[in-house]
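# Overview (structure and organization)
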Amino acid sequence: MRRRFEKLVMKAAEHHELTKEELLCILQPEDDEEKILLFKKADEVRQRYCGDDVHLRGIIEFSNICEKNCLYCGLRKDNHKLNRYRIPEEEILNAAKKAYFLGYRTIVLQSGEDSWYTVDRLCGIVRKIKQHLDVAVTLCIGERTYEEYRELRKVGADRYLLKHETANPLLYSRLHPGMLFYDRINRLKWLKELGYQVGAGNIVGLPGQSIEDLADDILFLKQMDVDMAGIGPFIPHGNTPLGKTSGGTLDLTLRVLACTRLLLPRVHLPATTAVGTLHPYGREKALQCGANVVMPNITPAKYRKDYEIYPNKICIDEEPEHCRGCIQRRIESIGRTVATDYGHSLKLNKRGA
Ligand code: SAM
Ligand code: SF4
Ligand code: FES
């Protein structure tokens with residue numbers, strides 16, 4: 001049995017192709033020795049294709065108002081216990097400026113699905129950031145129309161993160177009332193067509209999710225040939241319908257990350273805030289299992305605690321300057337370096353063309 005596991009990990013590390021049945025085998029190491037081999041090979045592939053640079057993306061959570069009701073998320077519309085906010089445009093721009101001076105070259109604008117932000121309002125914000133700062137802009141604002149995505153791209157948005165959450169269409173519709181997996185995928189295709197660098201990604205350890213579903217998530221990411229993959233553990237939130245279920249584990253998340261790196265060698269793979277929430281060294285561990293990106297929070301401190309997707313989120317009381325220093329030390333402590341470029345898709349050139 002050991003020989004088969006080893007053979008398959010080597011095959012994935014060299015050719016980046018596996019059948020679903022083979023992927024299922026390497027997703028489930030039988031002992032520590034097998035697990036160490038999986039993580040080591042993923043780390044080697046990361047080194048070979050991405051180098052030792054870790055890309056920082058500064059994330060501004062500019063509105064926690066959401067019209068959707070995803071069963072797992074603390075921002076869902078029916079959570080009436082949350083104090084809702086929208087950050088005034090001036091403060092968003094100031095947060096982006098501060099991040100630029102701290103060395104960030106990517107700003108991620110993230111929010112709930114908040115239609116108060118018309119495409120004109122959003123374009124105004126993106127345009128100003130792009131005019132004044134030499135940064136790449138990533139949007140993570142959920143499902144919009146083709147025309148809205150087109151306008152946002154025209155004013156300079158470079159990337160779009162729209163996680164597919166789970167590649168199991170039935171589980172997807174159970175977790176997302178009124179939403180369809182098919183609509184999500186269509187949007188990912190539109191975004192690609194419009195020239196965005198596109199990120200998808202899944203949650204690990206959702207109630208009702210099987211290991212087969214996780215293999216399908218990885219194969220889906222490969223089939224979509226995404227530029228980035230946001231993969232993080234499910235953390236139950238008390239004020240949601242899934243509040244009493246158990247969450248995803250660090251171990252399973254690391255295995256999914258490692259397998260993703262083996263099959264998608266050039267993908268940008270963040271060590272998520274959620275892995276940092278599960279374990280004090282969760283992000284370092286993820287960076288040693290294939291991840292090459294970290295997304296520190298640069299939201300002005302007074303809003304942070306209200307962007308409560310899940311409880312006990314890290315960096316709630318810290319100012320952006322503090323996180324910047326903290327993350328640099330963490331990255332250097334494992335022998336890695338902080339990238340100074342935009343960190344565009346590894347499939348494009350340095351300027352993102
Ligand atoms: N509203 C946008 C959307 O859904 O695409 C962007 C913001 S949403 C808060 C960002 C991500 O948070 C989602 O894609 C989802 O994967 C993640 N998320 C929400 N609730 C979570 C939970 N309880 N545990 C882990 N991740 C969660
Ligand atoms: Fe809203 Fe996004 Fe949370 Fe779903 S995951 S409830 S769309 S913020
Ligand atoms: Fe925010 Fe460490 S990254 S405190």
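As the structure is a prediction and not an experimental result, all values here were calculated from the model.

The rules behind these values
- Residues numbered from 1 in each chain as written.
- Chains lettered and ligands numbered in written order.
- Predicted model: local features only at pLDDT ≥ 70, side-chain atom pairs only at ≥ 80, totals over all residues.
- Heavy atoms only, no water.
- Salt bridge = Lys/Arg side-chain N within 4 Å of Asp/Glu carboxyl O.
- Helix = DSSP H or I, 4+ residues; strand = E, 2+ residues; numbered from the N terminus.
- Near = heavy atom within 4 Å.
- Polar contact = N/O pair within 3.5 Å; in protein donor to acceptor, adjacent residues only side chain to side chain.
- Areas by Shrake-Rupley, 256 points an atom, 1.4 Å probe, with all protein chains shown as cover.
- Nonpolar A, V, L, I, M, F, W, Y, C, P; charged D, E, K, R; others polar.
- Phe/Tyr/Trp six-rings, centres within 6.5 Å; stacked < 30°, edge-to-face > 60°.
- Lys NZ or Arg CZ within 6 Å of the ring centre and 35° of its normal.
- Buried < 20%, exposed > 50% of the residue type's maximum accessible area, 1.4 Å probe, protein only.
- pLDDT = per-residue confidence, 0-100.
- Pairing = 2+ DSSP bridges.
- Right-handed = clockwise from strand over helix to strand, strands pointing away.
- Arc of directions from axis to C-beta.
- Contact = heavy atoms within 4.5 Å.

## With respect to the pattern of salt bridges
- Applying the stated rule across the entire model yields 27 salt bridges.
- The shortest N-O distance in the salt bridge between Lys222 and Glu17 comes to 3.9 Å. Of this pair, Lys222 sits in helix H9 (residues 211-224) while Glu17 sits in the loop between helix H1 (2-15) and helix H2 (20-27); the two residues are 205 residues apart in sequence, bridging distant segments of the chain.
- For Arg255, the salt bridge goes to Asp251, with nearest N and O atoms at 3.1 Å. One end of the pair, Arg255, and the other, Asp251, are both in helix H10 (residues 250-263), four residues apart, so they sit about a helical turn from each other.

## Focus on the site of ligand 1
- If you check the shell around ligand 1, you find 17 residues, and the closest are Tyr72, Lys163, Glu165, Ile235 and Ile309.
- In the model, a nitrogen atom of ligand 1 is placed 3.1 Å from a nitrogen or oxygen of the Ser111 main chain.
- With the chains in place, 92% of the 560 Å² that ligand 1 exposes on its own is no longer accessible.
- For the shell around ligand 1, the residue count by class is ten nonpolar, four polar and three charged.

## Describing the site of ligand 2
- The immediate surroundings of ligand 2 are formed by Cys66, Lys68, Cys70, Cys73, Leu75, Arg76, Gly112 and Glu113.
- Tallied by class, the residues present in the shell around ligand 2 amount to four nonpolar, one polar and three charged.

## Comments concerning the packing of aromatic side chains
- Across all of its chains, the model carries ten aromatic pairs by this definition.
- Look at Tyr172 and Phe181: their rings are 5.7 Å apart centre to centre, the planes differ by 65°, and that puts the pair in the edge-to-face class.
- Members of the aromatic cluster, joined through ring pairs, are Tyr146, Tyr149, Tyr160, Trp190 and Tyr196.
- The ring of Tyr196 has Arg153 sitting right over it, with the charged end atom 5.7 Å from the ring centre.
- The positively charged end of Arg324 is found above the aromatic ring belonging to Tyr104, 5.9 Å away from the centroid.

## Considering the environment of Gln131
- Relative to the helices and strands, Gln131 is located in helix H5 (residues 119-132).
- A relative accessible area of 57% places Gln131 in the exposed class.
- In the structure, Gln131 is positioned 105 residues away from Pro236 in sequence and 40 Å away in space, judged by C-alpha atoms.

## Here's the deal with the confidence of the model for the protein
- Of the residues in the protein, 98% reach a pLDDT of 70 or more, and the chain-wide mean stands at 97.
- Mean pLDDT values for the elements of the protein range from 95 in helix H13 (residues 301-304) up to 99 in strand E7 (residues 203-204).

## Some points on the pairing of strand E3 (residues 106-111)
- Counting buried positions along E3 yields six of six residues, so the element is predominantly enclosed.
- Every second residue of E3 is oriented toward a common face, with Thr106, Val108 and Gln110 on one face and Ile107, Leu109 and Ser111 on the other, all of them buried.
- Where strand E2 (residues 58-63) and E3 come together, five bridges link them in parallel fashion. Across the sheet, the residue bridging to Ile60 is Leu109, located in E3.
- At this point the chain moves from E2, through helix H4 (residues 89-101), to the parallel E3, and the crossover so formed is right-handed.
- Note: E3 against strand E4 (residues 136-140), five bridges, orientation parallel. Each residue of the ladder has a partner; that of Leu109, found in E4, is Leu139.
- In terms of handedness, the path from E3 via H5 over to E4 forms a crossover that is right-handed.

## Comments concerning helix H6 (residues 146-154)
- All buried positions along H6 are accounted for by Glu148, Tyr149 and Leu152. Taken end-on, H6 shows its buried residues confined to a sector of 100°, consistent with a single buried face.
- Buried residues in H6 make contact with H5, E4, strand E5 (159-161) and helix H8 (181-193).
- Directly after H6, the chain includes Gly156, whose backbone phi takes a positive value near 120°.

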